[in-house]
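# An overview of the molecular structure
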Amino acid sequence: MTQTNTQNAPNAVSDRVMAAAIRALSMDAVQQANSGHPGMPMGMADVATVLFTRFMKFDPKAPHWPDRDRFVLSAGHGSMLLYSLLHLTGYEEMTMDQLRRFRQLGSITAGHPEYGHAEGIETTTGPLGQGLATSVGMAIAEKLLANRFGADLVDHYTYVIAGDGCLQEGVSHEAIDMAGHLKLSKLIVLWDDNAISIDGATSLSTSTDQIARFAASGWATAAVDGHDAEAVAKAIEAARKSDRPTFIACKTKIGWGAPNKAGTHKVHGEALGHEEVAAARVFLEWPHEPFVVPEPVLSAWRAAGSKGTVRRKAWEQRLAAAPAETRTKFQSGQDSHVTEAASKAVLALKEKWASEKPKLATRQASQKSLEALIPAVPELLGGSADLTGSVLTRVGSHKSVSPDDFSGDYLHYGIREFGMAAAMNGIALHRGFIPYGGTFLVFADYARPAIRLAALMGVRVIHVLTHDSIGLGEDGPTHQPVETLSSLRVIPNMTVIRPADAIETAEAWEAAIANEKGPTGLSLTRQALPALRLEHTAENMVLKGAYILRKADGAAKVTLMGSGSEVSLAVAAAESLAAEGIAANVVSVPSMELFMKQSPEYRKSVLGTAPRIAVEAALQQSWDRFLRDDDVFIGMTGFGASAPAPDLYRHFGITAEAIVDAARKLAG
């Protein structure tokens, strides 16, 4: 192993000793918890030391400084590497006590890094590959903002430490292909090339030449000894000058410093054991007690952490000296509190549509909503997974982002739903934009892991999910998402909105933009729907989640509930029932999640006490919370079929006539 003194450390504490602090804290915390992954932090300690002491631009005193470098630990199981770095460099929250409480209830040092738990954690990682894919979004955001505001305000790098598991996961291909195509030159990935996975040697399951793979996707590549500080530094320096993203293969020994277990899978995912920890202390020449970092070493680390303060203050001066319009636009993007602007645009559109009563597919209404919203909310950043003409996420004013022109505001994510969703997470986490991206609802399954992570992190991303039922017709059951609505509705902190007409669609966009603490899925139709909101209402009724759309004359004998394209069937059924003397309330339920946030009194007032019929061209599961034993569901019970949409609705019994028949029985 070759290591030299850190060039930037005036007190001459060597890289080897500074890296030993990471190794010691990591093995001590895992040992105390008797749970965790010591191997990766110990193996990558040398690389991390070089990165954080020589290259990373950050300031623990201002952890949200917009022009800081981003660090993503994609190999999130090695979380003690990140926690050690945050403690050593001086992040106030990351105390030694928090390291002692690694993986314990209520600590900020979770088993895998969780966004929002502590400053300096840029994204939640752990599901392998997603950190890498999320970092692509961060790098996209940086490059777009640099084009808009110039290098004086936006000039930073995104660094990633990834492991073998990150590169084996399929989303890595989507991510590296996208990054290489877009020439994201400020994205630098450091691969922990230790050739070990849980089962043993990686040769058990893969023989991929990762360097060749990244090169084929348009990346610059390098291979270094990950325990040679100068070699690592030289590679990072070259990467910072590249006109392409860079992949640096850092050959390491997993668990370096553990004399008997290093280099084996035994050090990957379990505590070293007291004897091996003691032996490692001898090997590392680290005679200090657990969770003790001697003052000279801690001072050297704190000096590295404080270097960014000067650069941050200089940046603040540049921002203050910028024209007022530039400052306002920049800060607006960082804050993204744009609900007022969105509300004004939506209100004007609702007034127009209440008068015109357009018959539109809700995907078309969504596009027209975007035409009104994008001038009012320039932070909206659109895109689709190669379905722009179908999902209608692009408007006339949009300009495509291309590898050589980042002045645009519309991203072509390619046929990469998972990669798109993860990149949108990264864009949202970076700040500066409100990302939205489109695909068919059925393909939300491809994106689901990233949607789930967005919900876990509580970040605002908007998924435009069209062709949302058997109403898409002839493409058949492969494309008809009968189960997808229920599967998305069960994700905690996920908001699903399925609007019933154009006005509800505009309100759905307002609700999605206002939802700053989680992802929103807009479930939209391929087929045209009639206007149902016939009078202008200033209030956003979608934000209530459900409301009485048509109130019966007199006491309701039955309540008809539905979402999206099936609400118009309920309205038609109510009209037929009224002719028979059966009074029916029609309740539109665009969002179950928003409805459940309302008061119990409001929910009772909407649902009433009469028998209930719910109708949705999907499976029943998510409606069960609103249906009692004797109530009725009209919808799908299995997969769809290939046929014109009207034939499918009749074939599966999702019709106004079926609702009327059920209502007669309940009201009788």
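Residues numbered from 1 in each chain as written. Predicted model: local features only at pLDDT ≥ 70, side-chain atom pairs only at ≥ 80, totals over all residues. Heavy atoms only, no water.

## Examining the sheet that holds strand E13 (residues 495–497)
Strands sit in the order E10-E9-E11-E12-E14-E13 across an open sheet of 6 strands; the sheet is parallel. The sheet is open, and its two borders are formed by strand E10 (410–412) and E13, each paired with just one other strand. Pairwise comparison of adjacent strand axes, ignoring direction, gives a mean angle of 20 degrees for this sheet. Bridge analysis of E13 against strand E14 (residues 520–523) gives 3 bridges, and the strand direction is parallel. (Pairing = 2+ DSSP bridges. Helix = DSSP H or I, 4+ residues; strand = E, 2+ residues; numbered from the N terminus. Axes fitted to C-alpha atoms, helices over the stretch in contact; angles between N-to-C directions.)

## Thoughts on the sheet that holds strand E1 (residues 70–73)
Taken in spatial order, the 5 strands of this open sheet run E1-E2-E3-E7-E6, and their pairing is parallel. The sheet is open, and its two edges are formed by E1 and strand E6 (220–225), each paired on a single side. Each neighbouring strand pair of the sheet contributes to a mean axis angle of 15 degrees, computed without reference to strand direction. Inspection of the sheet shows E6 paired to strand E7 (residues 246–251) by 6 bridges, in the parallel sense. Residue pairing in the sheet places Ala222 in a bridge with Ile248 of E7. Each of strand E2 (158–162), strand E3 (187–193), E6 and E7 touches helix H10 (residues 229–240); the most contacted strand, E6, lies at about 170 degrees to it. (Contact = heavy atoms within 4.5 Å.)

## Side note on the packing of helix H15 (residues 339–356) against helix H21 (residues 502–514)
One way to put it is that H15 packs onto H21 with a least axis distance of 9 Å and a crossing angle of 180 degrees. Relative to H21, the element H15 is oriented roughly antiparallel. Here Thr339, Ala342, Ser343, Val346, Leu349, Lys350, Trp353 and Ala354 of H15 come into contact with H21, specifically with Ala502, Ile503, Ala506, Glu507, Glu510, Ile513 and Ala514. Looking at the contact of H15 with H21 residue by residue, the class counts come to 10 nonpolar, 2 polar and 3 charged. (Parallel < 35°, antiparallel > 145°, perpendicular 65-115°, else oblique. Nonpolar A, V, L, I, M, F, W, Y, C, P; charged D, E, K, R; others polar.)

## Things to note about the pattern of salt bridges
One pass over the full model with this rule turns up 30 salt bridges. Between Glu325 and Lys329 there is a salt bridge; the shortest N-O distance is 3.1 Å. Linking Glu325 with Lys329, this pair stays in helix H14 (residues 324–335), spanning 4 residues, or about one helical turn. Residues participating in the shared-partner salt-bridge network are Asp468, Arg489, Arg498, Glu566 and Glu616. (Salt bridge = Lys/Arg side-chain N within 4 Å of Asp/Glu carboxyl O.)

## Looking at the environment of Ala348
Looking at where Ala348 falls in the secondary structure, it is placed in helix H15. For Ala348, a relative accessible area of 45% gives the class partly exposed. Here the alpha-carbon distance between Ala348 and Ala372, two residues 24 residues apart in the chain, equals 8.8 Å. (Buried < 20%, exposed > 50% of the residue type's maximum accessible area, 1.4 Å probe, protein only.)

## Some remarks on H10
Taking 1.5 Å per residue, 12 residues should reach 16 Å; H10 reaches 17 Å between its end C-alpha atoms and fits that length. Contacts made by the buried residues of H10 are with helix H1 (15–33), helix H3 (45–55), E2, E3, E6 and E7. (Expected span 1.5 Å × (residues − 1).)

## Describing the nonpolar core
Core analysis: the largest hydrophobic core is formed by 70 residues, its most contacted members being Ile140 and Leu184. Take this core: its biggest share by element is 10 residues, from helix H6 (residues 130–149). Counting 64 residues, the second-largest nonpolar core is a separate cluster that includes Leu73, Ala75, Phe102 and Ala300. (Core = buried A, V, L, I, M, F, W, Y, C linked by side-chain atoms within 4.5 Å.)

## Focus on the environment of Ser332
Within the fold, Ser332 resides in helix H14. Note on Ser332: relative accessible area 27%, which makes it partly exposed. For the pair Ser332 and Phe433, spaced 101 residues apart in sequence, the C-alpha to C-alpha distance is 9.4 Å. Not counting chain neighbours up to four residues away, the residues in contact with Ser332 comprise His337, Val338 and Glu379.

## Looking at the packing of aromatic side chains
Within this structure, the stated rule accounts for 17 aromatic pairs. Aromatic pair Phe214 and Phe247: ring centres 3.8 Å apart, planes at 5 degrees, arrangement stacked. Taken together, the residues span a long stretch of sequence, with Phe214 in helix H9 (residues 210–216) and Phe247 in strand E7 at a distance of 33 residues. When sorted by exposure, Phe214 lands in the same class as Phe247, which is buried. For the ring pair Tyr436 and Trp509, a centre distance of 5.3 Å and an interplane angle of 85 degrees mean the geometry is edge-to-face. (Phe/Tyr/Trp six-rings, centres within 6.5 Å; stacked < 30°, edge-to-face > 60°.)

## Digging into the confidence of the model for the protein
Averaged over all residues, the pLDDT of the protein is 97; the fraction at 70 or higher stands at 98%. Every residue in residues 1–11 scores below 50 in pLDDT, and together they form 33 contacts with partners more than four places removed in sequence or on other chains. (pLDDT = per-residue confidence, 0-100.)

## Comments concerning unusual backbone geometry
Located in the positive-phi region is Arg103, a residue other than glycine, with phi close to 65 degrees. Looking at where Arg103 falls in the secondary structure, it is placed in the loop between helix H5 (96–100) and H6. Backbone geometry at Lys357 places phi at a positive 50 degrees, although glycine is not the residue there. Considering the arrangement of structural elements, one finds Lys357 in the loop between H15 and strand E8 (360–361).

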